[in-house]
Amino acid sequence: MRPTLLAIAGALCCGAMTASLAAQQPAPIGHSDSVLTLSDPTLLIEDLAWDARTTTWYLSSVHQRRILAIGRDGAIRDFVPAAGSGMWSPFAVALDTTRNLLWVATAATPEGLGTPKEDLGRTAVLAFELGGGRLAARHELPRLSTAQALADLALLDDGTVIVSDSRGGGLYALRPGQERLDVVVPPGTFRSPQGPAGIPGTHEVIVADYSRGLARVDRRTGAVTWFAPPGDFVLKGIDGIRLRGHTLIVVQNGVRPNRVARLELDKRYDRIISAEILEAGTPGLSEPTHGTWVGDDFVFIANSGWAAMGADGNFTAGATLELPMLRRLRVPR
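Residues numbered from 1 in each chain as written. Predicted model: local features only at pLDDT ≥ 70, side-chain atom pairs only at ≥ 80, totals over all residues. Heavy atoms only, no water.

Moving on, we come to the overall build of the protein chain. Each helix and strand counted, the protein chain has 1 helix and 24 strands in total. What you see for the protein chain is a C-alpha radius of gyration of 18 Å, in line with the 20 Å of a compact globule of 333 residues. Seen through its C-alpha atoms, the protein chain measures out along the principal axes to roughly 50 × 45 × 40 Å. The 333 residues of the protein chain split such that 58% are buried. Nonlocal contacts in the protein chain, meaning residues at least 24 apart in sequence, comprise 51% of its contacts between residues at least 6 apart. Within the protein chain, the 34 negative side-chain charges are centred at a point lying 3 Å from the centre of the 33 positive side-chain charges. (Helix = DSSP H or I, 4+ residues; strand = E, 2+ residues; numbered from the N terminus. Rg over C-alpha atoms; globule rule 2.2 N^0.38 Å. Buried < 20%, exposed > 50% of the residue type's maximum accessible area, 1.4 Å probe, protein only. Contact = heavy atoms within 4.5 Å. Lys, Arg positive; Asp, Glu negative; His and termini not counted. Charge placed at Lys NZ, Arg CZ, Asp CG, Glu CD.)

Turning our attention to the confidence of the model for the protein chain. Mean pLDDT over the protein chain works out to 92, with 92% of the residues at or above the 70 mark. Within the model, the stretch residues 4–25 combines pLDDT values under 50 with 59 contacts to residues more than four positions away or in other chains. (pLDDT = per-residue confidence, 0-100.)

Pairing in this open sheet of 4 strands is antiparallel, and the strands run 2-3-4-5 from one edge to the other. In this open sheet, the two edge strands, each paired with only one partner strand, are strand 2 (45–51) and strand 5 (76–80). Taken pair by pair, the neighbouring strands of this sheet meet at an average axis angle of 30 degrees, ignoring direction. Pairing of strand 4 (residues 66–70) with strand 5, which is carried by 4 bridges, proceeds in the antiparallel orientation. In the strand pairing of strand 5, Ile 70 is matched with Ile 76. (Pairing = 2+ DSSP bridges. Axes fitted to C-alpha atoms, helices over the stretch in contact; angles between N-to-C directions.)

Before going further, it helps to examine the nonpolar core. If you look at the biggest cluster of nonpolar residues, it comprises 20 residues, and the most contacted ones within it are Ile 206, Leu 214, Ile 241, Leu 243, Leu 248 and Leu 263. Broken down by secondary-structure element, the contributors of at least two residues to this core are strand 15 (204–209), strand 18 (238–244), strand 19 (247–252), strand 20 (259–265) and strand 21 (272–280). The residues touching Leu 248, leaving out its near neighbours within four places in the chain, are Ile 206, Leu 214, Ile 241, Arg 242, Leu 243, Ala 261, Arg 262 and Leu 263. Counting residues in hydrophobic clusters, the runner-up holds 17 residues, among them Ala 49, Trp 88, Leu 95 and Ala 124. (Core = buried A, V, L, I, M, F, W, Y, C linked by side-chain atoms within 4.5 Å.)

The next thing to look at is empty space enclosed by the protein. One pass over the full model with this rule turns up 1 cavity of 30 Å³ or more. There is about 50 Å³ of room inside the largest cavity. Considering the residues around the largest cavity, the lining is formed by Asp 47, Ala 92, Asp 152, Leu 153, Gly 195, Pro 196, Gly 240, Ile 241, Arg 242 and His 290. Among the secondary structure elements, those contributing two or more residues to the lining of the largest cavity are strand 10 (150–155), strand 14 (193–198) and strand 18. Sorting elements by how many residues they give to the lining of the largest cavity places strand 18 first, with 3 residues. For the lining of the largest cavity, a count of residues per class yields 4 nonpolar, 3 polar and 3 charged. (1 Å grid on protein atoms, 1.4 Å probe; cavity = no way out; pocket = protein on both sides within 12 Å on 5 of 7 lines; lining within 4 Å. Points joined across faces, edges and corners; volume = space filled by probe spheres on them. Nonpolar A, V, L, I, M, F, W, Y, C, P; charged D, E, K, R; others polar.)

With that settled, the discussion passes to the packing of aromatic side chains. Any aromatic ring pair is given by two values, namely how distant the centres are and how the planes are angled relative to each other. In total, this model carries 6 aromatic pairs according to the counting rule given. Each ring, one from Phe 190 and one from Trp 226, has its centre 5.9 Å from the other, and the planes form 75 degrees; the classification is edge-to-face. Of this pair, Phe 190 sits in the loop between strand 13 (182–185) and strand 14 while Trp 226 is found in strand 17 (residues 224–226), placing the two residues 36 residues apart along the sequence. Judged by relative accessible area, Phe 190 falls into the buried class, the value being 3%. Look at Phe 298 and Phe 300: their rings are 6.2 Å apart centre to centre, the planes differ by 15 degrees, and that puts the pair in the stacked class. Here Phe 298 matches Phe 300 in class, with each residue buried. Here the aromatic cluster, defined as three or more aromatic residues joined through ring pairs, consists of Tyr 58, Phe 79 and Phe 128. Sitting over the ring of Trp 88, Arg 138 keeps its end group 4.8 Å from the ring centre. Above the ring of Phe 233, the side-chain terminus of Arg 259 is found at 4.3 Å from the ring centroid. (Phe/Tyr/Trp six-rings, centres within 6.5 Å; stacked < 30°, edge-to-face > 60°. Lys NZ or Arg CZ within 6 Å of the ring centre and 35° of its normal.)

What follows deals with the pattern of salt bridges. Tallied over the entire structure, the rule returns 20 salt bridges. A salt bridge links Asp 182 to Arg 175; its shortest N-O distance comes to 2.8 Å. When its relative accessible area of 16% is taken as the criterion, Asp 182 is described as buried. Connected through salt bridges with shared partners, the residues Asp 119, Arg 122, Arg 138 and Glu 140 form a single ionic network. (Salt bridge = Lys/Arg side-chain N within 4 Å of Asp/Glu carboxyl O.)

A separate point is the layout of surface pockets. Estimates place the volume of the largest pocket at around 950 Å³. Along the walls of the largest pocket sit 36 residues, with Leu 155, Leu 156, Asp 157, Arg 242 and Leu 243 positioned nearest its centre. Mapped by element, the contributors of at least two residues to the lining of the largest pocket are strand 2, strand 6 (89–96), strand 10, strand 14, strand 18 and strand 22 (291–294). If you add up the space inside the second largest pocket, you get close to 150 Å³. Along the walls of the second largest pocket sit 13 residues, with Trp 103, His 139, Pro 176, Gly 177 and Gln 178 positioned nearest its centre. Mapped onto the lining of the second largest pocket, the elements with two or more residues apiece are strand 7 (101–107) and strand 9 (135–140).

Here's what the structure looks like:
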């Protein structure tokens, strides 16, 4: 999710930030090809998950408050229908094949059609059974006087779900069998935390903070360590991240032009040793948000729809609504 376009993101001056970064990569770079294009430009797609066992895509629609399932035949069905099971706008999703669940971070925001005004500000993590979309669990964050919105999450190898609060600035953990979200770092630690990613074999996760860069967080102590940017590569404006081995793919919609980049970390995950832009400034790369690994391919949402969304939760009058698209980048190991 992009904080500059969401009321739930807080008052960040990212518009000025993106303008100052406009000259970072002026020439288009394109290595991706199309996976699928959806026919409805009002979906406002935020995240995706891929189930290789059933060859099914799961996509979260923030505006229509639905989770879509798309099979091998390309047919679209509702995995969770609009506002189903009391779901507000679904943002991040994560596939848990061990437990046969789809985890969803959901928040009541103005962008969601029909969101009850009295619910605005409420947020939760939901789990749905993959077989039929039945709600299996609901874990709501206690409502505070300060703003909060759980909008990004990651599933760790041990089944723990890590969730970031993009509005309140906190990071939370939900361990298998628990009912309550545990605080990893308290609200206010980050400005607008986005996608987390677990570091294999450790108690640490990498977290993108939209206006500050990338950080490593120790889940046991809450200690936060910031990565230094490699050379002149800008680490701000990162929305989605995915880690495989020592390769970290970042989706940046807070720089101009928008881009997808590959960062290589050292053996201890202490330092970024190289950066490579894989996709930037190409036609159709409008407000990319998240992506996922499919073998050696990184499949990402290229046209999320956020470029046409106003801060009031409505599509801007006269804005061009582009069709949501998934694109694929080959990222060799």
